[in-house]
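Take a look at the letters that make up each chain.
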Amino acid sequence: MITPVLATIGLNTYVAVSAVLFAIGFFGVLLRKNTLVVYMCLELMLIASTLALAAFSHFNGTLDGNVFVFFILTIAAAEVAVGLAIIVALFRQRHTVQVEELNQLKH
Amino acid sequence: MADLLFYTFAFLTLACAVLVVVNKDAVNAAMFLIVSLVGVAGLFVLLDAALLAFVLLLVYAGAVVALFLFIIMLLDTTPGSLKPFKAATIAASALGGALLALGVVSLYQRAVLPSPAVATTAPTLKAYAQQLFTTYLLPVQVVGFLLLIAMLGVIVLSKKFEVKEDAS
């Protein structure tokens, strides 16, 4: 087990990395047009939140955040399965996964 | 040494996350997602959560990204036309970036965050099990039920139903 005795990295840095990772995922959701890539960026945002939870848990000396990460991972797995099934069903109907062509609800 | 590892893993995570976003090909994006997840797993190990790193790699790199790649191959989508972004999208991105920079700066200047916990031992598998089966027993049951519902939902979504004409 690695015990970073000499580590000087504080909680701030972990939270900053987590925030930047979340922002990258957010920009991906905003800027990308492919539904699958948008979905991957959603996963990035979820991972960023788990990183923040694990960091807070470590620096507070509790286990609750780590247990919460377990639940997030489980729910992410379920979410990916359902979301990809929806994307496949959508592709069967419309034959595209580009966001700008999936605008039937607007008209 | 641990600092160097932290910076390596953080750089790996963030750089590959950027590559996920800017890559035109969805398959390459999925591959960079795997590398980014490896970086996050390394950060988890540095946070004394080796079990979480293991579960992350198992669930995400093993199952989720494989599922993504499977769907990408199945749909066989051509790379979409890169239309120029709308003004609203650019404005939202700029605003989001400015807010993020503000948040990080204020985090470093003002936030009073706890210093590293004193002499906590790394959480063992036994400690996780203790928590999951005592304090969090009900959430474990609920999550199990959620997985069941998700499985049923996926089956229903991906099944083709025949429409019967003479439904009475």
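Structure's up top.
(A) Molecular detail of the nonpolar core. Judged by nonpolar contacts, the single largest core of 68 residues is most densely connected at Tyr14 of chain A together with Phe44 of chain B. Looking at this core, the elements with two or more residues in it are α1 (11–31), α2 (35–60) and α3 (64–94) of chain A together with α1 (2–22), α2 (26–46), α3 (50–75) and α5 (125–133) of chain B. Setting aside residues up to four positions removed in sequence, phenylalanine 44 of chain B forms contacts with Thr50, Leu51, Ala54 and Val69 of chain A together with Ala49, Ala50, Leu52, Ala53 and Leu56 of chain B.

(B) Local environment of the packing of α3 of chain A against α5 of chain B. At a closest axis distance of 10 Å, the pairing of α3 of chain A and α5 of chain B adopts a crossing angle of 70°. With respect to their mutual orientation, α3 of chain A and α5 of chain B come out roughly perpendicular. Residues Asp64, Asn66, Val67, Phe70 and Phe71 of chain A of α3 of chain A touch α5 of chain B, and the partners they reach there are Tyr128, Gln131 and Leu132 of chain B. Within the contact of α3 of chain A with α5 of chain B, the residues separate by chemical class into five nonpolar, two polar and one charged.

(C) Quick peek at the interface of chain A and chain B. Taken together, the contacts link 71 residues of chain A with 79 residues of chain B. Counting the surface lost from both chain A and chain B, the interface buries some 6800 Å², and carbon and sulfur atoms represent 80% of this. Run the count over chain A and chain B and you get zero salt bridges. Viewed at the interface, chain B and chain A are joined by seven residue pairs in polar contact (both at pLDDT 80 or more). Elements with a contribution of two residues or more to the side of chain A that touches chain B: α1, α2 and α3 of chain A. Top contributing element to the side of chain A that touches chain B by residue count: α3 of chain A, with 23 residues. Looking at the side of chain A that touches chain B residue by residue, the classes come out as 52 nonpolar, 13 polar and six charged.

(D) Structural detail: the environment of phenylalanine 9 of chain B. All names here are of chain B. For phenylalanine 9, the location among the structural elements is in helix α1. Look at phenylalanine 9 and you get partly exposed, because its relative accessible area is 22%. Distance in space between the C-alpha atoms of phenylalanine 9 and glycine 39 is 4.7 Å, their sequence separation being 30 residues. With near-sequence residues (within four places) excluded, phenylalanine 9 lies in contact with Gly39, Gly42, Leu43 and Leu46.

(E) Geometry of a nonpolar patch on the surface. Residues and elements named next belong to chain B. Together, Phe145, Leu148, Ile149, Met151, Leu152 and Ile155 make up a nonpolar patch on the protein surface, roughly 580 Å² of accessible area in all. With respect to the secondary-structure elements, methionine 151 resides in helix α6 (residues 137–158). For methionine 151, a relative accessible area of 48% puts it in the partly exposed group.

(F) How the structure looks around the packing of aromatic side chains. Counted by the stated rule, this structure contains seven aromatic pairs over all chains. Here tyrosine 14 of chain A and phenylalanine 59 of chain A contribute two aromatic rings whose centre-to-centre distance is 5.9 Å and whose plane-to-plane angle is 55°, an arrangement assigned as tilted. One end of the pair, tyrosine 14 of chain A, is in helix α1; the other, phenylalanine 59 of chain A, is in helix α2, with 45 residues separating them in the sequence. Just as tyrosine 14 of chain A is buried, phenylalanine 59 of chain A falls in that class too. When the ring of tyrosine 14 of chain A is compared with that of phenylalanine 6 of chain B, the centres are 4.7 Å apart and the planes differ by 70°; the resulting orientation is edge-to-face. Of this pair, tyrosine 14 of chain A sits in helix α1 while phenylalanine 6 of chain B sits in helix α1, each in a different chain. Of the two residues, tyrosine 14 of chain A and phenylalanine 6 of chain B, both sit in the buried class.

(G) A look at α2 of chain B. If you check α2 of chain B, its first and last C-alpha atoms are 30 Å apart, about what 21 residues at 1.5 Å a residue would give, namely 30 Å. A positive phi of about 65° marks aspartate 48 of chain B, the residue just after α2 of chain B.

(H) Just the packing of α1 of chain A against α1 of chain B, in detail. As a packed pair, α1 of chain A and α1 of chain B sit with axes 9 Å apart at the nearest point and diverge in direction by 10°. In terms of axis orientation, α1 of chain A runs roughly parallel to α1 of chain B. Residue-level contacts link Thr13, Tyr14, Val17, Val20, Leu21, Ile24 and Gly28 of chain A of α1 of chain A to Phe6, Ala10, Thr13, Leu14, Ala17, Val18 and Val21 of chain B of α1 of chain B. Counted by class, the contact of α1 of chain A with α1 of chain B contains 11 nonpolar, three polar and no charged residues.

(I) Structural view of α3 of chain B. Compared with the 38 Å implied by 1.5 Å per residue over 26 residues, the 36 Å span of α3 of chain B between its first and last C-alpha is a close match. Along its length, α3 of chain B reaches its greatest deviation from straightness, about 25°, at tyrosine 60 of chain B. Here α3 of chain B has its buried residues at Leu52, Ala53, Val55, Leu56, Tyr60, Val64, Val65, Phe68, Leu69, Ile71, Ile72 and Leu75 of chain B. Taken together, the buried residues of α3 of chain B touch α2 and α3 of chain A together with α2 and α5 of chain B. Two residues or fewer past α3 of chain B, aspartate 76 of chain B is found with a positive phi of approximately 50°.

What counts as what
Residues numbered from 1 in each chain as written. Chains lettered and ligands numbered in written order. Predicted model: local features only at pLDDT ≥ 70, side-chain atom pairs only at ≥ 80, totals over all residues. Heavy atoms only, no water. Core = buried A, V, L, I, M, F, W, Y, C linked by side-chain atoms within 4.5 Å. Buried < 20%, exposed > 50% of the residue type's maximum accessible area, 1.4 Å probe, protein only. Helix = DSSP H or I, 4+ residues; strand = E, 2+ residues; numbered from the N terminus. Contact = heavy atoms within 4.5 Å. Axes fitted to C-alpha atoms, helices over the stretch in contact; angles between N-to-C directions. Parallel < 35°, antiparallel > 145°, perpendicular 65-115°, else oblique. Nonpolar A, V, L, I, M, F, W, Y, C, P; charged D, E, K, R; others polar. Buried area = accessible area lost by both parts, 1.4 Å probe. Salt bridge = Lys/Arg side-chain N within 4 Å of Asp/Glu carboxyl O. Polar contact = N/O pair within 3.5 Å; in protein donor to acceptor, adjacent residues only side chain to side chain. Patch = residues over 30% accessible without salt bridge, like charges linked within 9 Å, V, L, I, M, F, W, Y side chains within 5 Å. Areas by Shrake-Rupley, 256 points an atom, 1.4 Å probe, with all protein chains shown as cover. Phe/Tyr/Trp six-rings, centres within 6.5 Å; stacked < 30°, edge-to-face > 60°. Expected span 1.5 Å × (residues − 1). Bend = angle between axes of the 7 residues up to and from the residue.

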